[in-house]
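Below are the chains, spelled out letter by letter.
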Amino acid sequence: MPASSLFKSRLLTPGPTAVPEAVLLEMAQPIIHHRTKQFQAIFAELSERLQRLFFTTGPVLTLAGSGTTAFEATQASLAKPGSKAVTIATGKFGERWQDVYDAYGVLQVRINVEWGKTVDPAELEQVLKDNPDTSVVTVVHSETSTATACDLKGVADTVRKTDALLIVDGITGVGALPVKQDEWGIDALVTGSQKAMMLPPGLGFVGLGERALKRLEELEPTGIYNLDLRKWVASHKKNDVPFTPPVSLVRGQRVALEMIEDQGIETTWQRTAKLAMASRAAFEAMGLKLISSSPSDSVTGVYYPDGVDDSKFRAAVRDNHGVHIAGGQVGRHGDYKGKIFRTSHMGYVDAADTLAALMAIETELRAAGHGIEPGTGVTAASRVLTAD
Ligand SMILES: *Cc1c(COP(=O)(O)O)cnc(C)c1O
């Protein structure tokens, strides 16, 4: 899009996502030193707001790095040496967490689910019975690559019956989908700043329950330094961080969470769900097929109709309408590259953005030769959006 374009740019990729103007302005404030009372006051408020968002009374650590940094730190810090990890993969990100444990030489029992489907807690229960020496279970709440949500409460209930700790990738879950860390018994809940948290990339968050904190105390350090969560927990007790934090991002995150809490956390979940429901109704009306049999409300994935070229289509949606959507990814157990597109419903996105995206998608599908009656998708979505 040329710089002089009058199009609004609408970022509807499932990460990074749009950042509210109030957050951008807060991040433009002069840099302050992090070992000061001023920064500590901001950090303390952020930590409390994070606890409320995670529905936990335990510490929620704020790490510099992307979501992967925070998740790897959690995996590496909590696995018992010589024990097993049960690693559930329903898409690209679950497969990544298997790669991380491979890199650390942690023994794994892998549950690989066909892309577009989700894990059955009964299968997990059997795997845990067969492997009583399991020390951690990893699962992705909302698998962004396949736009699929799992029954996280069911998974947590299953893991709770054993001595294993449950580590949850909540990177497109927290702030978008209902999740209550303490009530559901999640030992470690991880997210990143650039999905539902309404911030640019650069921060990762780890909420730790009592059992996870106890495990950290019992274990000896194992080939990690910056990623060793023991350091972060020790600092957090003093309302501090062990290394220089991205001060501007911390400031911005405090404001973004204030916005979410002013709206209401549950209301935020409901808003996200409504935008997702409207989008699914629109795609169905356009005759398109969802990629997931257990769709996540934070992101919707749709198969292209025959004959639509992925990169040309997404470029047209971007260049002619200012709407950024995502394509498909490829992994070990699935391949969506060139076959699907994905739109996000997380964070700073509203009904107008959603309708704009649907209009752009419909227009460019028609231009690519897919015969749809004009207005079909938008009409179906509006019906959902205007209903009480
Ligand atoms: C984006 C994403 C990640 C990776 O996070 P990065 O910030 O890119 O490291 C992991 N898991 C899920 C479910 C994601 O959506």
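Residues numbered from 1 in each chain as written. Predicted model: local features only at pLDDT ≥ 70, side-chain atom pairs only at ≥ 80, totals over all residues. Heavy atoms only, no water.

### Structural notes on the overall build of the chain
Broken down by element type, the chain carries 14 helices and 13 strands. Scaling as 2.2 N^0.38, a compact globule of 388 residues should have a C-alpha radius of gyration of about 21 Å, and the chain matches this with 21 Å. Put simply, the chain has 388 residues, and 57% of those count as buried. Expressed as a percentage of contacts within the chain between residues at least 6 apart in sequence, the contacts between residues at least 24 apart total 71%. On the chain, roughly 15,800 Å² of surface is accessible, and the fraction owed to carbon and sulfur atoms is 53%. Counting 40 positive and 45 negative side-chain charges, the chain places the averaged centre of each group 3 Å from the other. (Helix = DSSP H or I, 4+ residues; strand = E, 2+ residues; numbered from the N terminus. Rg over C-alpha atoms; globule rule 2.2 N^0.38 Å. Buried < 20%, exposed > 50% of the residue type's maximum accessible area, 1.4 Å probe, protein only. Contact = heavy atoms within 4.5 Å. Areas by Shrake-Rupley, 256 points an atom, 1.4 Å probe, with all protein chains shown as cover. Lys, Arg positive; Asp, Glu negative; His and termini not counted. Charge placed at Lys NZ, Arg CZ, Asp CG, Glu CD.)

### Notes on the packing of aromatic side chains
As enumerated under the stated definition, the model contains 11 aromatic pairs in all. Seen from their ring centres, F55 and W269 are 5.6 Å apart, and the 40 degrees between their planes marks the pair as tilted. Here F55 is found in the loop between α2 (37-54) and β2 (60-64), whereas its partner W269 is found in helix α11 (residues 265-285), with 214 residues between them in sequence. Taking relative accessible area as the criterion, W269 reaches 9% and is therefore assigned buried. Ring centres of Y304 and F341 lie 5.4 Å apart, and the angle between their planes is 50 degrees; this geometry places the pair in the tilted category. Here Y304, found in the loop between β11 (299-303) and α12 (310-321), pairs with F341, found in strand β13 (residues 340-344); they are 37 residues apart in sequence, far enough to count as distant. According to the relative accessible area criterion, Y304 is buried, its value standing at 9%. Residue classification places F341 among the buried positions, given a relative accessible area of 0%. (Phe/Tyr/Trp six-rings, centres within 6.5 Å; stacked < 30°, edge-to-face > 60°.)

### Re the environment of F93
By the element assignment, F93 lies in helix α4 (residues 92-103). The exposure class of F93 is buried, given its relative accessible area of 15%. Setting aside anything within four residues of it in sequence, one finds F93 in contact with V140, E143, T144, S145, D169 and Q329.

### Some points on the pairing of β13
Judged by how many residues are buried, β13 sits mostly within the fold: 5 of 5 residues are covered. Taking every second residue as pointing to the same face, both faces of β13 are buried, with I340, R342 and S344 on one and F341 and T343 on the other. Note: β11 against β13, 5 bridges, orientation antiparallel. Within β13, the position partnered with V302 by the bridge is F341. (Pairing = 2+ DSSP bridges.)

### Points about the layout of surface pockets
If you add up the space inside the largest pocket, you get close to 450 Å³. Around the largest pocket sit 24 residues that line it, and G347, Y348, V349, D350 and D353 are the ones nearest its centre. Mapped by element, the contributors of at least two residues to the lining of the largest pocket are β1 (10-11), α1 (21-27), α10 (247-263) and α11. Top contributing element to the lining of the largest pocket by residue count: α11, with 4 residues. In terms of domain composition, the lining of the largest pocket takes at least three residues from each of domain 1 (3-17 + 265-386) and domain 2 (21-262). Its boundaries defined by the atoms lining it, the second largest pocket holds a volume of some 180 Å³. Elements with a contribution of two residues or more to the lining of the second largest pocket: α7 (181-184) and α8 (210-218). With 3 residues, the single largest contributor to the lining of the second largest pocket is α8. Its residues assigned to classes, the lining of the second largest pocket comprises 3 nonpolar, 6 polar and 5 charged. (1 Å grid on protein atoms, 1.4 Å probe; cavity = no way out; pocket = protein on both sides within 12 Å on 5 of 7 lines; lining within 4 Å. Points joined across faces, edges and corners; volume = space filled by probe spheres on them. Domains from an automatic or database assignment. Nonpolar A, V, L, I, M, F, W, Y, C, P; charged D, E, K, R; others polar.)

### Here we look at the packing of α10 against α11
Orientation of α10 relative to α11, taken along the N-to-C sense of each, is 85 degrees, at an axis distance of 5 Å. Taken together, the axes of α10 and α11 are roughly perpendicular relative to one another. Listed contacts from α11 to I260, E261 and Q263 of α10 are I265, T267, T268 and R271. Counted by class, the contact of α10 with α11 contains 2 nonpolar, 3 polar and 2 charged residues. (Axes fitted to C-alpha atoms, helices over the stretch in contact; angles between N-to-C directions. Parallel < 35°, antiparallel > 145°, perpendicular 65-115°, else oblique.)

### Things to note about the domain arrangement of the chain
Per the domain assignment, the segments making up the chain are domain 1 (3-17 + 265-386) and domain 2 (21-262). One C-alpha centre belongs to domain 1, the other to domain 2, and the line joining them spans 28 Å. Each partner contributes to the interface: domain 1 provides 33 residues, whereas domain 2 provides 35 residues. Taking both sides of the interface into account, the surface hidden between domain 1 and domain 2 amounts to around 2,800 Å²; carbon and sulfur atoms contribute 57%. Among the salt bridges present, the one from E266 reaches K180, with a minimum N-O distance of 4.0 Å. (Buried area = accessible area lost by both parts, 1.4 Å probe. Salt bridge = Lys/Arg side-chain N within 4 Å of Asp/Glu carboxyl O.)

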